[in-house]
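One-letter residues, chain by chain:
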Amino acid sequence: MPDMTNTPDRARIRFPGISSRAYEHPLDRSALVALRSLTGFDTVLRKLSGLISERGIRLMFLGGAVRVSEEQFRNMHDMLRDTCYILDAEKVPELYVIQDPQPNAMAIGVDNPFIVLNTGLIDLLDDEELRYVIAHEVGHVLSGHAVYRQMALILTGLGSRLAWIPLGNVAIGAILMGLQEWQRKSELSADRAGLLAGQDVEAVKRALMKMAGGSRLHEMSTEAFLAQAREYEEAGDLRDGLLKFLNLMRRTHPFAVIRFGEIMKWHASEDYRAVMAGNYPRRDQDDSASFTDEVKNAAKSYRDSWNTTNDPFVGKVRDVAGGAADLAGAVFDRLGRRPNDNPGN
């Protein structure tokens, strides 16, 4: 547990023993529970990740960026430690600041994940907005997202090598599409972690608006941005819905308006209120998490979103996709059940 020697700027609720399952999006959570349950998977992935040279990447930032500490970027150092205290992280990851005008942040690594913030993002955000971003990246670390993103990088390289094999690149492409959809949902999970640590939904909303429109926040409106998010969701006709789907292809992050709408929904949800009240999954229960139940939760999440959307494209595929989700749930129920799962669930 981090040794907190600095008093936070205001009181925030702490979540002792919280599991990342408490804030993970259902699709993200089901994928992570499945991967965590595969014996030996992490060992294989760590061997594969050696192809990318994690040590070399860290040395690159150690030599070319500034490592945050009590002596360097003390304010961000305190935010990081406060975040790890609130989310009860067992280890405080390293944080680096690199000179780059492009607003961006990332969590990197398998054995010892670390966080990198670009100066363009730091210059864009105020302190509470920056706290949310740091907590967002800590959320990635606690969920193990950096580990599984390495797999996506490996498969991307593998796809280019298999392009000459008939249907080889098609198969890898299909896998990558699934990984990219998971990665987009993992960003929604990390947004929730950012909200839990900062406990300031207005700061999250401001940060997302700035990421979309820049620093001139006084010329923007949260109400208008939310209306824009609703307009994007509803689209205009079937063609617009298809174009939205195509626009998301190969994107690792959802659009800012999508993230804005999703974090507002979660902030208003019973799930968020339960976590804030101390009713959340604990890490010591992670090994008993049911893969079958999480697949069902993911299918239900998609079904609920489809049933409430006004997107005409989604409306056309709703019945087919809903049937596919039911079929997938039945298959996973049969193939993915572990000895501690209750067949009657």
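My aim in this report is to walk through the structure given alongside it, one point at a time. Note that the coordinates shown come from a computational prediction; the quantities given were computed from them, not determined experimentally.

**Re the pattern of salt bridges**
- What the rule picks out here adds up to 18 salt bridges.
- The salt bridge partner of Arg12 is Glu128, with a shortest N-O separation of 3.0 Å. Within this pair, whereas Arg12 is found in the segment before helix H1 (26-36), its partner Glu128 is found in helix H6 (residues 127-143), the two being separated by 116 residues in sequence. Across the pair, exposure class does not vary: Arg12 and Glu128 are buried alike.
- Taking the shortest distance from any N to any O, the salt bridge between Glu94 and Arg67 comes out at 3.2 Å. One end of the pair, Glu94, is in the loop between helix H4 (74-86) and strand E2 (95-98); the other, Arg67, is in strand E1 (residues 66-67), and 27 residues separate them in sequence.

**Side note on the nonpolar core**
- Counting residues in hydrophobic clusters, the biggest one holds 50 residues, and the most contacted among them are Phe15, Met76, Leu95, Leu117, Leu130, Ile134 and Leu196.
- When residues no more than four places from it in sequence are discounted, the contact partners of Ile134 are Met76, Met79, Leu80, Leu95, Ile115 and Leu117.
- The next biggest cluster of nonpolar side chains, apart from the first, holds six residues, and it includes Tyr96, Ile108, Phe114 and Val116.

**Comments concerning the pairing of strand E4 (residues 114-118)**
- Burial of E4 is extensive: five of the five residues sit out of reach of the surface.
- Of the two faces of E4, the one carrying Phe114, Val116 and Asn118 and the one carrying Ile115 and Leu117 are both buried.
- Pairing geometry for E2 and E4, over four bridges, is parallel. Looking at E4, one finds that Ile98 is bridged to Asn118.
- Alignment of strand E3 (residues 105-108) against E4, held across four bridges, turns out to be antiparallel. The residue of E4 that forms the bridge with Met106 is Val116.
- Following E3, the chain reverses through five residues before pairing antiparallel with E4; Gly109 in that reversal takes a positive phi of roughly 115°.

**A closer look at empty space enclosed by the protein**
- Enumeration over the complete set of coordinates arrives at one cavity of 30 Å³ or more.
- The calculated volume of the largest cavity comes to roughly 40 Å³.
- Lining the largest cavity are Leu188, Asp191, Arg192, Arg259, Glu262, Ile263 and Trp266.
- Mapped onto the lining of the largest cavity, the elements with two or more residues apiece are helix H8 (168-198) and helix H12 (256-267).
- Sorting elements by how many residues they give to the lining of the largest cavity places H12 first, with four residues.
- Residue composition of the lining of the largest cavity, grouped by class: three nonpolar, no polar and four charged.

**Points about the packing of helix H10 (residues 222-234) against H12**
- The contact between H10 and H12 brings their axes to 9 Å, and the two run at 105°. What the angle tells us is that H10 and H12 run roughly perpendicular. Residues Thr222, Phe225, Leu226, Gln228, Ala229, Tyr232 and Glu233 of H10 pack against Ala256, Val257, Ile258, Phe260, Met264 and Lys265 of H12.
- When grouped by side-chain class, the residues that make up the contact of H10 with H12 number nine nonpolar, two polar and two charged.

**Overview of the packing of aromatic side chains**
- Counted according to the given criterion, the structure contains seven aromatic pairs.
- Judged by centre distance (5.7 Å) and plane angle (80°), the ring pair of Tyr96 and Phe114 falls under edge-to-face. Of this pair, Tyr96 sits in strand E2 while Phe114 sits in strand E4, and the two are 18 residues apart along the sequence. In this structure, Tyr96 and Phe114 share a single accessibility class: buried.
- Taking 5.0 Å as the distance between ring centres and 85° as the angle between the ring planes, the aromatic pair formed by Phe225 and Phe260 counts as edge-to-face. With Phe225 in helix H10 and Phe260 in helix H12, this residue pair connects regions lying 35 residues apart in the sequence. An identical accessibility class is assigned to Phe225 and Phe260; each is buried.
- An aromatic cluster is defined as three or more aromatic residues linked by ring pairs; in this entry it consists of Phe61, Tyr96 and Phe114.
- When the ring centre of Tyr85 is taken as reference, the NZ or CZ atom of Arg14 above it lies at 4.4 Å.
- The ring centre of Tyr280 lies 3.8 Å from the NZ or CZ of Arg282, which sits over that ring.

Conventions and cut-offs
Positions within a chain are numbered from 1, following the residues in the order the chain's sequence is written. Totals for whole chains, interfaces and linings use every residue, but because this is a predicted model, local features are given only for residues with pLDDT of at least 70 and side-chain atom pairs only at 80 or more, for both listing and counting. Side-chain metrics in this entry use all non-hydrogen atoms of the structure; hydrogen atoms and water are not considered. Any Lys or Arg side-chain nitrogen found within 4 Å of a carboxyl oxygen on Asp or Glu counts as a salt bridge. The helix count covers DSSP runs of H or I at least four residues long, the strand count covers runs of E at least two residues long, and both are numbered beginning at the N terminus. The buried label applies to any residue whose accessible area, calculated with a 1.4 Å probe on protein chains only, is under 20% of its type's maximum; exposed applies above 50%, and partly exposed to all values in between. To define a nonpolar core, start from buried Ala, Val, Leu, Ile, Met, Phe, Trp, Tyr and Cys residues and group those joined through side-chain atoms within 4.5 Å. We call two residues contacting when some pair of their heavy atoms lies within 4.5 Å. Pairing between two strands is assigned when DSSP locates at least 2 bridges connecting them. Buriedness of a pocket was judged along seven lines, with at least five required to meet protein on both sides within 12 Å; pockets are open sets of points on a 1 Å grid over the protein atoms alone, cavities are sets where a 1.4 Å probe fits but cannot get out, and lining residues have an atom within 4 Å of a point. Grid points are joined across faces, edges and corners, and a volume is the space filled by probe spheres set on the points. Lys, Arg, Asp and Glu make up the charged group, whereas Ala, Val, Leu, Ile, Met, Phe, Trp, Tyr, Cys and Pro make up the nonpolar group; the residues left over, Gly among them, are polar. Lines fitted to C-alpha atoms define the axes, with helix axes restricted to the stretch in contact, and inter-axis angles between N-to-C directions lie between 0 and 180 degrees. When an angle is under 35 degrees it counts as roughly parallel; over 145 it counts as roughly antiparallel; between 65 and 115 it counts as roughly perpendicular; any other value is oblique. In this analysis, rings of Phe, Tyr and Trp, with Trp reduced to its six-membered ring, are considered paired at centre separations within 6.5 Å, and the interplanar angle assigns stacked below 30 degrees, edge-to-face beyond 60, and tilted for intermediate values. Each ring is checked for a lysine NZ or an arginine CZ that lies within 6 Å of its centre and within 35 degrees of its normal; such an atom marks a charge sitting over the ring.

Bear in mind that shape data such as this cannot, by itself, settle questions of function.
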